[in-house]
Amino acid sequence: MYQYMQFLTKKWRQQGAIIAFTALLLPMLIVGTGLAVDLGHVYVQYSRLQNAADAAVLAGAKAYAENNEKVDNHPKADAKAEKYIQGEYHNLKDEQGEKIVDNKKTDRYMAKPQNNIIYYRVKLYKEVPLYFLGGIIEKYTVSVDSVAAIKMEAGTNWFNNNMFIFRKAYYDTNSIENPDTLGTDKFSKDKIKDTFDGRIVYTNGNGKKDTNFRPDVVRYSTQTDLLKRFYTSNAVTENYDIRELNNEKNKVKYDSNKKVISGYWSEAEYDVYDFDKFIKHMDAKTVNAPENVKGNNLHLKETSLFDNENNLRIRYKNDQNFDLYIDSSLGNSDDPLYIYIEPGFGHISINLNDNTGRPLIICMGGKDNQRSQVVFNLNGYTYKGVLYTPYCNQWEGILTKSNGKKSKFIGTMVGEVINLQNNDMHFVYHDYIGSNGTGSIDGSSSGGIPVIHLVAPPADLRW
């Protein structure tokens, strides 16, 4: 009996210990669970914020390079990054209306140079509500930053700062008003009808140097072989006749980017250029662009047809012809829109029914055995951008018409043959896509190819 009572007493003592131990441990379990919930919530928000910062900084760095921005002024980079945070590409807003702390006036976007590398940084803060600790600390501010390095590798400008590049021939019809008086003493003033404020070159197109290469025909006026000059817009404003303008002292002078800074006339020069390089770039750039074009014509009056990177691809579907109409201005910025037209079309026409507004970079694919006849109707409007068709028809070339109206082309034109008709056309060089679509550490054109990736910035870099 005594042993049995000892057994029961021992059992009761053990049960009491468990109850006491549980009572002691329960608050700790509750605290641990609460902390785990709050810390887990903070970690999830931290991860989402870091992912957004990484995506934003890469997009911003790409825009920085493409727009040749400067370390102290990079609005396009910041605007692109913002789209990946709280804009159209964001992933930080849900049904509860999450919000990032507004710190744009302090240090959300910054860029710093070091050792010929640009470091572009996105720094984000977010207030995360706490549940268990809410009575003590209502919110906890999570902060993350992400840095992308923009390194410029050696490269060349897409078009070597040239306004016209051709291989086989150049023609200009009615480039002066009264070509029949050339070679006589009956020179009248202001005969010049087409002007050229940019560098004009011919090339063999294979990217290999051949200073002995010459095109078949270079005729500055199809009415006479005596006129061997491209006249600038400055020449029209001077009260000279053509004989005076042709004086050697009036030859064009260019700056380091081949922009005209003085002079009244220029001549075509030889340059090394690879026709296929830009075609391959545009083919790769637009390969995943959506199927937005139906049929064999496109009336372009809005930018919604383009993907998020401003790319549009015209896919060949056994149609003989393709017609592109620019029916209205596409905007006011200099942010270019890219159009790649696949090879195969027999005839391609581009028709302006309004100024382009934003630059259009139009590239037509092709090879020596895949050539399109190209007609480019300016119709009295202004085209900004690039018309790139080195594999156009070898006889007609890029047939460019003003159709009796004063028209303007600003950018670069590349073709096997450049054939201008109807006069009153004014051509001005401008680089809308930069050096291979890049910038440099001071925001100027650098002639490089950007390599962009996420990095840990140098320890001595001060923001």
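Data block above holds the structure.
Residues numbered from 1 in each chain as written. Predicted model: local features only at pLDDT ≥ 70, side-chain atom pairs only at ≥ 80, totals over all residues. Heavy atoms only, no water.

**Some points on the overall build of the protein chain**
Heads up, the rule is: Helix and strand definitions here come from DSSP, where helices need a minimum of 4 consecutive H or I residues and strands a minimum of 2 consecutive E residues; each element is numbered from the N-terminal end. The classification of residues rests on relative accessible area computed with a 1.4 Å probe and restricted to protein chains. Under 20% of the type maximum is buried, over 50% is exposed, and intermediate values are partly exposed. Only heavy atoms matter for contacts: two residues are in contact if any of them lie within 4.5 Å across the pair.
Helix and strand counts for the protein chain come out as five helices and 24 strands. In the protein chain, which comprises 463 residues, the share counted as buried stands at 47%. A sequence separation of at least 24 residues applies to 71% of the contacts in the protein chain between residues at least 6 apart.

**Concerning the pairing of strand 21 (residues 398–401)**
Condition: A pair of strands counts as paired when DSSP detects no fewer than two bridges linking them.
With four bridges joining them, strand 19 (residues 373–377) and strand 21 adopt parallel strand pairing. Note on strand 21: the bridge partner recorded for Val374 is Ile398. Examined bridge by bridge, strand 21 and strand 22 (residues 407–421) share four bridges and lie parallel to one another. Note on strand 22: the bridge partner recorded for Lys401 is Gln421.

**Things to note about the packing of aromatic side chains**
Operational definition: Think of it this way: a Phe, Tyr or Trp ring, Trp meaning its six-membered ring, pairs with another when their centres are within 6.5 Å, and the plane angle makes it stacked under 30 degrees, edge-to-face over 60, tilted otherwise.
The full count for this structure, using the stated rule, is 22 aromatic pairs. Seen from their ring centres, Phe159 and Phe278 are 5.1 Å apart, and the 70° between their planes marks the pair as edge-to-face. Of this pair, Phe159 sits in the loop between strand 3 (139–154) and strand 4 (164–172) while Phe278 sits in helix 5 (residues 275–286), and the two are 119 residues apart along the sequence. Per residue, the accessibility class of Phe159 equals that of Phe278, and both read buried.

**Points about unusual backbone geometry**
In this structure, Asn403 takes a positive phi of about 55° despite not being glycine. Turning to its location among the elements, Asn403 is positioned in the loop between strand 21 and strand 22. The phi torsion at Asn422 lies on the positive side, around 80°, for a residue other than glycine. By the secondary structure assignment, Asn422 is in the loop between strand 22 and strand 23 (425–428).

**Some remarks on a nonpolar patch on the surface**
For the record, the criterion: Two distance rules govern patches: like charges are joined within 9 Å, and nonpolar side chains (Val, Leu, Ile, Met, Phe, Trp, Tyr) within 5 Å, applied only to residues with over 30% relative accessible area and no salt bridge. Working definition of accessibility: Shrake-Rupley area with a 1.4 Å probe, residue cover restricted to the visible protein chains. Criterion for a salt bridge: a side-chain nitrogen of Lys or Arg within 4 Å of a carboxyl oxygen of Asp or Glu.
Together, Tyr43, Val44 and Tyr46 line one region of the surface with nonpolar side chains, adding up to about 320 Å² of accessible area. For Tyr46, a relative accessible area of 35% gives the class partly exposed.

**Quick notes on the side chain of Asp197**
To keep it simple, the criterion reads: Charged-residue counts in this description rest on Lys and Arg as positive and Asp and Glu as negative, His and the chain ends being excluded.
Secondary-structure assignment places Asp197 in strand 5 (residues 195–197). No salt bridge is formed by the buried Asp197; the nearest opposite charge belongs to Lys408, separated by 7.1 Å.

**A short note on the pattern of salt bridges**
The full count for this structure, using the stated rule, is 17 salt bridges. Across the pair Glu82 and Arg108 runs a salt bridge, and its minimum N-O distance is 3.0 Å. Of the two residues, Glu82 is situated in helix 2 (residues 75–83) and Arg108 in the loop between helix 2 and strand 1 (109–114); the sequence distance between them amounts to 26 residues. Judged by relative accessible area, Arg108 falls into the buried class, the value being 1%. Among the charged side chains, a salt-bridge network with shared partners connects Arg167, Asp368, Arg371 and Glu416.

**Regarding the pairing of strand 19**
Among the five residues of strand 19, four are classified as buried, and the element is accordingly described as predominantly covered. Here strand 17 (residues 347–352) runs beside strand 19; their pairing, made up of five bridges, is parallel. Bridging from a neighbouring strand, His347 pairs with Gln373 of strand 19.

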